[in-house]
Amino acid sequence: MNTNNEQNIYWSLLTQKEWRIYVAATSNNLLFVGSQNQSFEELSDWVKKKYPKRTLVENKELLNPYLDEIIEYLEGKRTQFTFSIDYKGTPFQLSVWNALNDIPYGQTKTYSDIANYINKPSAVRAVGIAIGANPALLAIPCHRVVGKNGTLTGYRGGLEMKKKLLELENSSLKK
């Protein structure tokens, strides 16, 4: 039997300098990290689609451990996250998201690199679609995937956010 808490998805708005990002979690795992400066609807629409029976409840206290690590990352003081993420996706999406987690901080890979890494070399477009479905920006580092010639290509958070994240990682490594 489900308790009421198991039906809740908790959220908070992270605000750090120019960053405004909605973050959501269960009582145990991170679920969602939104796009920079997007409205609450980005989060609520995602929850309605992925967790239609759940209720969104604002709870900054419960989200603080996630927010603290994300803020440390945005300040260039953290290169890895210690929290667990509740991945909800197809087996293919999960394989792509796991591959993204293996891209080292401050480095990039191409869509072809990811397709080869998961032993699906002809699935480059499918890899791109799976990356676009990543629910936890920053935490699952899809911003580290670039086009074949190194150009910045699609990103759910927008190319400006992707560029800022890559610049942040590169400048942190130079310190």
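As annotated in an unreviewed UniProt entry, the chain is Methylated-DNA--[protein]-cysteine S-methyltransferase from Lysinibacillus agricola.

**Student:** Please explain the environment of Gln 38 as it appears in this structure.
**Tutor:** Here Gln 38 shows up in the loop between β3 (30–33) and α1 (40–50). Relative accessible area serves as the criterion here: at 39%, Gln 38 is assigned to the partly exposed category. Separated by 16 residues in sequence, Gln 38 and Tyr 22 place their C-alpha atoms 8.0 Å apart. Discounting residues that sit within four places of it in the chain, Gln 38 has contacts with Arg 20 and Tyr 22.

**Student:** Would you take a moment to explain the layout of surface pockets for this structure?
**Tutor:** Where empty space is left in the structure can be found by rolling a water-sized probe over the atoms. By volume, the largest pocket is sized at about 290 Å³. In terms of lining, the largest pocket is formed by 17 residues, of which the most central are Gln 80, Phe 81, Asn 101, Ala 139 and Pro 141. Looking at the second largest pocket, its volume works out to about 170 Å³. By residue class, the composition of the lining of the second largest pocket is four nonpolar, two polar and four charged.

**Student:** Help me out: how do you make sense of α1 in this one?
**Tutor:** Since the α-helix packs 3.6 residues into each turn, any two residues three or four apart lie on the same face. Here α1 has its buried residues at Glu 42, Leu 43, Ser 44, Trp 46 and Val 47. Against β1 (8–16), β2 (19–25), β3 and β4 (55–58) lie the buried residues of α1.

**Student:** Could you clarify how one ought to interpret the sheet that holds β2 in this entry?
**Tutor:** Pairing between the strands of a sheet comes from backbone hydrogen bonds, and it takes one of two forms, parallel or antiparallel. In space, the four strands of this open sheet follow the order β3-β2-β1-β4, with mixed pairing throughout. At either margin of the open sheet sits one strand with a lone partner, and together these are β3 and β4. On average, each strand axis in the sheet is inclined to that of its neighbour by 30 degrees, with strand direction left out of account. Two elements, β1 and β4, share four bridges in a ladder whose sense is parallel. Each bridged residue has a counterpart across the sheet, and for Tyr 10 the counterpart in β4 is Val 57. In this fold helix α2 (residues 60–74) packs onto β1, β2, β3 and β4, with an angle of close to 40 degrees to the strand it touches most, β1.

**Student:** Looking at this structure, I do not really get the side chain of Thr 26. What am I missing?
**Tutor:** Looking at where Thr 26 falls in the secondary structure, it is placed in the loop between β2 and β3. Of the residues examined, Thr 26 reaches a relative accessible area of 12% and is grouped as buried. Each residue touching Thr 26, except ones within four places of it in the same chain, is listed here: Tyr 10, Leu 31, Arg 54, Leu 62 and Tyr 66.

Quick notes on the rules
Residues numbered from 1 in each chain as written. Predicted model: local features only at pLDDT ≥ 70, side-chain atom pairs only at ≥ 80, totals over all residues. Heavy atoms only, no water. Helix = DSSP H or I, 4+ residues; strand = E, 2+ residues; numbered from the N terminus. Buried < 20%, exposed > 50% of the residue type's maximum accessible area, 1.4 Å probe, protein only. Contact = heavy atoms within 4.5 Å. 1 Å grid on protein atoms, 1.4 Å probe; cavity = no way out; pocket = protein on both sides within 12 Å on 5 of 7 lines; lining within 4 Å. Points joined across faces, edges and corners; volume = space filled by probe spheres on them. Nonpolar A, V, L, I, M, F, W, Y, C, P; charged D, E, K, R; others polar. Pairing = 2+ DSSP bridges. Axes fitted to C-alpha atoms, helices over the stretch in contact; angles between N-to-C directions.

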